[in-house]
Amino acid sequence: MRTQRCLGLAMLCAAAAACGDDAGTLTTPGGPSLSVTPPACVEFGPPPPAGTIWGAPAGHVPGSSVHLENGIKVLVQTFQWGGGGSAFNFAQLGPPTYAFANGQAAGINNINLQFLFGNLGWIPSKVYFSYLDEGGFENLSVNGSLYYIGDLHLAPPSVGGRNVSVSTWVPGPGAIAGWVKIDGGSIKTITVGGQEFWIDKVCAEP
């Protein structure tokens, strides 16, 4: 059985409040002169509508750009296995198994999502996101670093030279929900993925 740190529903509320209840409604088209008022968040819609699929079944290849929200570009990337090898499967948008953030989320099945923060008009020094883990293991990379491969709630205190902290709670049987914060310097990209995994409210602040 995996070690779990349960902080209760209070942390769920804190994670949901971190970006504001309506952050996802302020979607702004990208452009070279874009300046997004922080925090800038990706909340996965709708839009796009529930049922949207990114990855191999949709004809995407690693590095394909699949989404733009509040100046943050989202790419699909190859998922790395702990013992070697890789996979490139799919992510699908829709309601998660357990509510862990706000509404629709990205359900990830053996694929990584990469978030690019270079078009905000400012440089993030803090990125945070909510997740739901229902099995398997995860990938995490910061600024193109080597991947941490393992359970996200057991991530090391530093990835890619940036601080990583994880707070978790149990939303239901066999599941871990959590809130990940990355800080300690400029953050240009993060890449995260899993196997039976959901992610939502990926937010950046200066």
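Data block above holds the structure.
Counting across every chain of the model gives 3 salt bridges. Put simply, Asp183 and Lys181 hold a salt bridge, and the shortest N to O gap is 3.8 Å. Here Lys181 falls in the partly exposed class, since its relative accessible area comes to 26%.

Read from one edge to the other, the open sheet built from 6 strands follows the order β3-β4-β9-β16-β11-β12, with strand pairing classed as antiparallel. With partners counted over all chains shown, the strands left at the sheet margins are β3 (65-69) and β12 (148-150), one partner each. Across the sheet, the mean angle from the axis of one strand to that of its neighbour is 15°, orientation sign disregarded. Both strand β9 (residues 111-116) and strand β16 (residues 189-194) contribute to a ladder of 6 bridges, which runs antiparallel. If you follow Asn112 over to β16, its bridge partner there is Gly193.

The next point concerns the nonpolar core. Judged by nonpolar contacts, the single largest core of 41 residues is most densely connected at Phe44, Leu113, Phe115, Phe129, Ile190 and Ile199. Per-element accounting of this core gives the leading share, 4 residues, to strand β17 (residues 197-205).

What counts and how
Residues numbered from 1 in each chain as written. Predicted model: local features only at pLDDT ≥ 70, side-chain atom pairs only at ≥ 80, totals over all residues. Heavy atoms only, no water. Salt bridge = Lys/Arg side-chain N within 4 Å of Asp/Glu carboxyl O. Buried < 20%, exposed > 50% of the residue type's maximum accessible area, 1.4 Å probe, protein only. Pairing = 2+ DSSP bridges. Helix = DSSP H or I, 4+ residues; strand = E, 2+ residues; numbered from the N terminus. Axes fitted to C-alpha atoms, helices over the stretch in contact; angles between N-to-C directions. Core = buried A, V, L, I, M, F, W, Y, C linked by side-chain atoms within 4.5 Å.

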